[in-house]
Amino acid sequence: MPKRPLIPDAVRQRMRELLTAQRSTTDIPVEAPTRERPSPVEEAVNLITKYEGFRPEAYRDAVGRMTIGYGQATPDIKRGMRTTEPEARAFVEERVREDSANFARRGIPTNPGALSAAYNLGRGNLGKYGILSALRQGDYEEAAKILETATKAKGKTLRGLTRRRQEEAQRIREGQPVKQKIIGLP
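The shown structure was predicted, so the numbers you read here are calculated from the model rather than taken from an experiment.

> What should I look at first to understand the environment of K154 in this one?
With respect to the helices and strands, the residue K154 is situated in the loop between strand 3 (152-153) and strand 4 (156-157). Classification of K154 by relative accessible area gives exposed; the value is 65%. Separated by 91 residues in the primary sequence, K154 and V63 have C-alpha atoms spaced 6.0 Å apart. Apart from the residues within four sequence positions on either side, K154 is in contact with A62 and V63.

Here is the structure:
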């Protein structure tokens, strides 16, 4: 049986760096919440891994993009690539930290539902839908309503995506934003 190509060395090296890094450059100091619950980033990672599911070998997702791990759909994913669960989880964690930092820079409260949706829909699509604008204005109900409409892939409503959007919308409605301070920014 021929060996299938693995993830390119450069990508594997970056994943290895993420796994061994003490602190990411996108880590944001967050004031400790007074409630006993995971941070918004941790909650978002848990939502993402719950709904994406782990697949070690590259596959085509519902819209036909090559995808691997926990829904990683970057242009460098090719048929036959493989990854491990720790590598895939490190990718999700890094991506969510980046999105969280981007939200903070733009004055958008960090919210696990919105971070999960950003991972799944793509960074730019939350803005196109109007979700980021609603969050920036503090209108969590409107952001949640808009998000609940994003349940189709190639024109078909997907049951799993509908469940995911309902849970993400509920997290947004809970209005659990955590104000963040970014080092070096006013």
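There's more to say after this.
> Looking at this structure, how should I read helix 2 (residues 40-52)?
Residue pairs spaced three or four apart in an α-helix point in one direction, given the helix's 3.6 residues per turn. Over its 13 residues, helix 2 extends 18 Å from the first C-alpha to the last, a length consistent with the 18 Å expected when each residue adds 1.5 Å. Along helix 2, the residues that are buried comprise P40, V41, E43, A44, V45, L47, I48, T49 and E52. For helix 2, the secondary structure elements touched by its buried residues are helix 3 (85-105), helix 4 (112-121) and helix 8 (159-173). Two residues or fewer past helix 2, G53 is found with a positive phi of approximately 70°.

> In this structure, what is going on with the pattern of salt bridges? I would like to understand it.
When their charged atoms lie close together, side chains carrying opposite charge are able to pair. Considering all chains together, one arrives at 13 salt bridges under this definition. As a salt-bridge pair, R171 and E43 come within 2.9 Å of each other at their nearest N and O atoms. Taken together, the residues span a long stretch of sequence, with R171 in helix 8 and E43 in helix 2 at a distance of 128 residues. For the residue pair R171 and E43, the accessibility class agrees, reading buried in each case. We note a salt bridge from R89 to E93, for which the minimum N-O separation is 3.3 Å. Highlighted residues: R89 and E93, both in helix 3, separated by 4 residues, approximately one helical turn. Classification of R89 by relative accessible area gives partly exposed; the value is 25%. Here the salt bridges share partners, and the residues they tie into one network are E43, K50, E167 and R171.

> For this particular structure, what's the right way to read helix 4?
For helix 4, the tally of buried residues reaches 9 of 10 residues, placing the bulk of the element in the interior. When we look at burial in helix 4, the residues that qualify are P112, G113, A114, L115, S116, A117, A118, Y119 and L121. On its buried face, helix 4 sits against helix 2, helix 3, helix 5 (125-129), helix 6 (131-136), helix 7 (140-147) and helix 8. For helix 4, the capping residue at the N-terminal end is N111, with a side-chain oxygen 2.9 Å from the backbone nitrogen of G113.

> Teacher, can you tell me more about the packing of aromatic side chains here?
Any pair of aromatic rings gets described here by the distance separating the centres and the angle formed by the planes. Counted according to the given criterion, the structure contains 1 aromatic pair. One cation-aromatic arrangement involves R55 over Y59; the distance from NZ or CZ to the ring centre is 3.7 Å.

> Any chance you could explain the pairing of strand 1 (residues 55-60) here in plain terms?
Consecutive side chains along a regular strand alternate between the two faces of the sheet. Across 3 bridges, strand 1 lies against strand 2 (residues 66-69) in antiparallel orientation. Opposite R55, over in strand 2, you have G69 as the bridge partner. Between strand 1 and strand 2, which pair antiparallel in sequence order, lie 5 residues; one of them, G64, sits at a positive phi of approximately 95°.

> Looking at this structure, I do not really get the packing of helix 2 against helix 4. What am I missing?
When two helices pack together, their arrangement is captured by the angle between the axes and the distance separating the axes. Axis separation between helix 2 and helix 4 bottoms out at 8 Å; the angle between their running directions is 45°. When the interaxial angle is binned, helix 2 and helix 4 end up oblique. Considering how the two elements wind past one another, helix 2 and helix 4 form a crossing that is right-handed. Judged by residue contacts, P40, V41, E43, A44, L47, I48 and E52 of helix 2 engage P112, G113, L115, S116, Y119 and N120 from helix 4. Of the residues contributing to the contact of helix 2 with helix 4, the split by class is 8 nonpolar, 3 polar and 2 charged.

> What is the right way to read the nonpolar core from this model?
Proteins that are soluble and globular tend to have nonpolar side chains buried together. V92, V96, F103, L126, I131, L135 and I172 are the most contacted members of the largest nonpolar core, which has 30 residues in total. Among the elements of the structure, helix 2, helix 3, helix 4, helix 6, helix 7 and helix 8 are those that each provide at least two residues to this core. Per element, the largest residue contribution to this core is 6 residues, and it comes from helix 4. In this structure V96 touches V41, A44, V45, I48 and L115, once residues within four positions along its chain are discounted.

Calculation criteria
Residues numbered from 1 in each chain as written. Predicted model: local features only at pLDDT ≥ 70, side-chain atom pairs only at ≥ 80, totals over all residues. Heavy atoms only, no water. Helix = DSSP H or I, 4+ residues; strand = E, 2+ residues; numbered from the N terminus. Buried < 20%, exposed > 50% of the residue type's maximum accessible area, 1.4 Å probe, protein only. Contact = heavy atoms within 4.5 Å. Expected span 1.5 Å × (residues − 1). Salt bridge = Lys/Arg side-chain N within 4 Å of Asp/Glu carboxyl O. Polar contact = N/O pair within 3.5 Å; in protein donor to acceptor, adjacent residues only side chain to side chain. Phe/Tyr/Trp six-rings, centres within 6.5 Å; stacked < 30°, edge-to-face > 60°. Lys NZ or Arg CZ within 6 Å of the ring centre and 35° of its normal. Pairing = 2+ DSSP bridges. Axes fitted to C-alpha atoms, helices over the stretch in contact; angles between N-to-C directions. Parallel < 35°, antiparallel > 145°, perpendicular 65-115°, else oblique. Left-handed = near helix turned anticlockwise from the far one by under 90°. Nonpolar A, V, L, I, M, F, W, Y, C, P; charged D, E, K, R; others polar. Core = buried A, V, L, I, M, F, W, Y, C linked by side-chain atoms within 4.5 Å.

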